[in-house]
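Read off the chains here:
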Amino acid sequence: MKLHTSATGILAILFYFLTLSGASGEAANEAARDREITPKDVIVVANRQVDASVEIARHYMQKREIPSENLLLLDVKSDEDIDRECFTVKISGPVLDFVKKIEGQGRRVRCILTVYGVPLSIWDPGPIQNEISILKHQIEGINSGTFQGDLLVLGQKVEQLEAQVKEMSSRAGAVDSELAVCGIEHKLEGWVDSPFVSELEWPRGYYAVSRLDASNPEDVRRMIDGAIEAEEKGLDGIAYFDARGLTGDDAYSRMDEQIRSAARLLRLEGFATVVDNREELFGEGECPGAAVYWGWYSLAKYVDSFEFVPGAIAVHVASGECNSLREGPYWCRNLIARGAAVTMGPTQEPYLEAFPAPDEFMERLFAGESVAQAYCATQKVLSWRMVL
């Protein structure tokens, strides 16, 4: 079975209608018109400090016929992790100004695409943690008699710094998820409920955001090419689902059943489907010809089970699997490196409800929505920690 959708990746970025269930007749038609996305509604955000970022952005825009004037070049450091001030001054401020400029010309912006080289996560406690480490070392020295100082003062300073880290953690988030709400006033602690899930009309001040990113520029270009190939030929391969055999009414059991439900849907649509209900994951090399993978749960410990076909969609549900796209054992990074064109995951602990329900997500793909459309309609929280 081939999945024929023009969005086998982030790369079609909402160039189609999005019609939510429950709308009918003229209301549905009006909602479809409001949700229509064209290439001119997309802005592409790259980093002028990274040559590959600019090159990839222009290549993608040429492939997708996005107007050249819709390219925004940020002047920001290329570190994956940045602090809140850097995000506000160097990213969200310029993006919102760019959006207002376009909308002031009578055009509209619906989608924001960030590109390799643009920071990933708003979370940079490193300097404070280094200071805490030094102070704790000094406290150990006082206790052992090798360092002179005021134990009480140092202890209080450690407590103050640890409180700062805790506060930073409560405001940590993904750059992309924050950009999705850059047009509204919102609290920084916790998340914002996504209006894309429930509203028919496009919510003012909100944007669909996704990312072209990977360990290296070559992998990003392969994502683009793989998605285009799958769009032209259809996504053809085996669908693998790695559940855990859970039953019950708790959130974990519901996610497990949603994974099995997605497998049943793909089987009904004609895909060759493999379902694993064991606690153990698929083993190394056990998943050749993978067009779809959805499974869990291995925290920051990628298992090299897959050989992906061009345009493959692959999601592993676990905390922090988009903590870095540059290095480490995280699933998002390694799924892309092994050939997947689409993945999603959190930069920090997202809680389970932040993940789209896999059966709802796949159902929308078969209804003709793009990956980005399906993600918008099923990812319930914004100003949070998820990345597509």
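Residues numbered from 1 in each chain as written. Predicted model: local features only at pLDDT ≥ 70, side-chain atom pairs only at ≥ 80, totals over all residues. Heavy atoms only, no water.

Asker: An account of the overall build of the protein chain is needed here, citing residue identities and associated values.
Answerer: Scanning the protein chain from terminus to terminus reveals 11 helices and 17 strands. Classification of the 388 residues of the protein chain by burial places 55% in the buried group. Pairs at least 24 residues apart make up 72% of the contacts formed inside the protein chain by residues separated by at least 6 positions. Split by element, the accessible area of the protein chain, about 16,600 Å² in all, is 48% carbon and sulfur. (Helix = DSSP H or I, 4+ residues; strand = E, 2+ residues; numbered from the N terminus. Buried < 20%, exposed > 50% of the residue type's maximum accessible area, 1.4 Å probe, protein only. Contact = heavy atoms within 4.5 Å. Areas by Shrake-Rupley, 256 points an atom, 1.4 Å probe, with all protein chains shown as cover.)

Asker: Can you break down the packing of aromatic side chains residue by residue, with the values?
Answerer: The final tally for this structure, using the stated rule, is 13 aromatic pairs. Consider the rings of tyrosine 293 and phenylalanine 306, whose centres lie 4.4 Å apart with planes at 50°: the pair is tilted. Residue tyrosine 293 is found in strand E13 (residues 287-295), and its partner phenylalanine 306 is found in strand E14 (residues 306-316); the two are separated by 13 residues along the sequence. When the centroid spacing of 4.9 Å and the interplanar angle of 70° are considered together, the rings of tyrosine 302 and tryptophan 331 count as edge-to-face. Taken together, the residues span a long stretch of sequence, with tyrosine 302 in the loop between E13 and E14 and tryptophan 331 in helix H9 (residues 331-337) at a distance of 29 residues. (Phe/Tyr/Trp six-rings, centres within 6.5 Å; stacked < 30°, edge-to-face > 60°.)

Asker: Any chance you could break down the sheet that holds strand E9 (residues 208-212) for me, citing the residues and the numbers?
Answerer: Spatial strand order, E3-E2-E5-E9: 4 strands in an open sheet with parallel pairing. The outermost strands of the open sheet, each flanked by one partner alone, are strand E3 (71-74) and E9. The mean angle between the axes of side-by-side strands here comes to 25°, regardless of whether they run parallel or antiparallel. Relative to E9, strand E5 (residues 111-115) runs parallel, the two being bridged by 5 bridges. Among the inter-strand pairings, leucine 113 is bridged to a residue of E9, identified as serine 210. Packed onto the sheet, helix H2 (residues 51-64) meets strand E2 (42-47), E3, E5 and E9 and runs at close to 160° relative to E2. (Pairing = 2+ DSSP bridges. Axes fitted to C-alpha atoms, helices over the stretch in contact; angles between N-to-C directions.)

Asker: Go over the confidence of the model for the protein chain, please, and point to the residues and values.
Answerer: Model confidence for the protein chain is summarised by a mean pLDDT of 85, while 85% of its residues fall at 70 or above. Between the elements of the protein chain, mean pLDDT differs from a low of 47, seen in helix H1 (residues 25-35), to a high of 98, seen in E3. Below pLDDT 50 for its whole length, residues 4-32 participates in 94 contacts with residues either more than four positions away or in separate chains. (pLDDT = per-residue confidence, 0-100.)

Asker: I'd love a proper account of the sheet that holds strand E12 (residues 272-276), names of residues and values included.
Answerer: Across the sheet, 4 strands lie side by side as E12-E11-E13-E14; this open sheet has parallel pairing. Each edge of the sheet is formed by a strand with only one pairing partner; in this case those strands are E12 and E14. Adjacent strand axes in the sheet meet at a mean angle of 25° when their direction is disregarded. As paired elements, strand E11 (residues 238-242) and E12 share 5 bridges and run parallel to each other.

Asker: How would you sum up the pattern of salt bridges? Please name residues and give values.
Answerer: Per the counting criterion, the structure on display carries 18 salt bridges. The partner of aspartate 276 in a salt bridge is arginine 278, and the shortest N-O contact between them spans 2.8 Å. One continuous salt-bridge network, built from bridges that share partners, spans Asp176, Arg211, Asp213 and Arg326. (Salt bridge = Lys/Arg side-chain N within 4 Å of Asp/Glu carboxyl O.)

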